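# Remarks on the overall topology
Here is what each chain is made of, one letter per residue.
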Amino acid sequence: MEKYSIEVNGGGIIRPNGDFRLDCMAPFVIGNVLERSIKDMWLEKGIDAWHTDALQKFIASIDEAHQTADVKNHVDADIAL
């Protein structure tokens, strides 16, 4: 995930409920396509999302030896940016 933090974000995932999630590996949502256009969300938060303090803290919290983090990606609720 560290490589994402040094590049421009290149994609995301739209969930069935409309939430636009940055990636399947990180539990961060930048908005909902039922409420805003993808373009608006992308320009406001998506392009530089991996540079935010919240994402940097998430990446730093990952224990590489055990592949665990403070936030449990598939158990805990998503985090809105």
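One structure accompanies this document, and this report is about it. (Residues numbered from 1 in each chain as written. Predicted model: local features only at pLDDT ≥ 70, side-chain atom pairs only at ≥ 80, totals over all residues. Heavy atoms only, no water.)

### Re helix α2 (residues 53–61)
Note the following rule: Relative accessibility decides the category of a residue: with a 1.4 Å probe and only protein chains considered, values under 20% of the type maximum give buried, values over 50% give exposed, and everything between is partly exposed. Each helix is a run of H or I in the DSSP string that is no shorter than four residues. Each strand is a run of E no shorter than two, and both are numbered from the N terminus. The directions considered for the arc run from the helix axis to the C-beta atoms. We call two residues in contact whenever any of their non-hydrogen atoms come within 4.5 Å of each other.
Turning to α2, its buried residues are L55, F58, I59 and S61. An end-on view of α2 places all buried positions within 165 degrees of arc, on one side of the element. Seen from the buried face of α2, the exposed residues on the opposite side, beyond 90 degrees, are D53, K57 and A60. Elements that come into contact with the buried residues of α2 comprise β3 (28–32).

### Brief notes about the pairing of β3
Threshold: The criterion for strand pairing is that DSSP finds at least two bridges linking the strands in question.
With 5 of 5 residues buried, β3 lies mostly within the body of the structure. Once strand β2 (residues 19–21) ends, the chain turns through 6 residues before running back antiparallel as β3. Across 2 bridges, the pairing between β3 and strand β4 (residues 79–80) is parallel. Bridging from a neighbouring strand, V29 pairs with A80 of β4.

### Brief notes about the nonpolar core
To keep it simple, the criterion reads: Residues enter a nonpolar core if they are buried and are Ala, Val, Leu, Ile, Met, Phe, Trp, Tyr or Cys, with the set joined through side-chain atoms within 4.5 Å.
By size, the foremost hydrophobic cluster in this structure holds 12 residues: F20, L22, A26, F28, I30, M41, W42, A49, W50, L55, F58 and I59. At the level of secondary structure, the elements contributing two or more residues to this core comprise β3, α1 (38–46) and α2. The dominant element in this core, judged by the number of residues it contributes, is α2, at 3 residues. When neighbours within four sequence positions are excluded, L55 is seen to be in contact with L22, A26, F28, A49, W50 and L81.

### Structural notes on the packing of aromatic side chains
The criterion, for reference: Stacked, tilted and edge-to-face are the three classes assigned to paired rings of Phe, Tyr and Trp, where Trp is represented by its six-membered ring and a pair needs centres within 6.5 Å; plane angles under 30 degrees give stacked, over 60 edge-to-face, the rest tilted.
In this structure the tally under the stated criterion is 2 aromatic pairs. Their ring planes at 70 degrees and their centres at 6.0 Å tell us that F20 and W42 sit as a pair that is edge-to-face. Of the two residues, F20 sits in strand β2 while W42 sits in helix α1, which places them 22 residues apart along the sequence. When the ring of F28 is compared with that of F58, the centres are 5.6 Å apart and the planes differ by 80 degrees; the resulting orientation is edge-to-face. Taken together, the positions of F28 in strand β3 and F58 in helix α2 put the pair 30 residues apart, joining distant regions of the chain. Note on accessibility: F28 and F58 belong to one class, buried.

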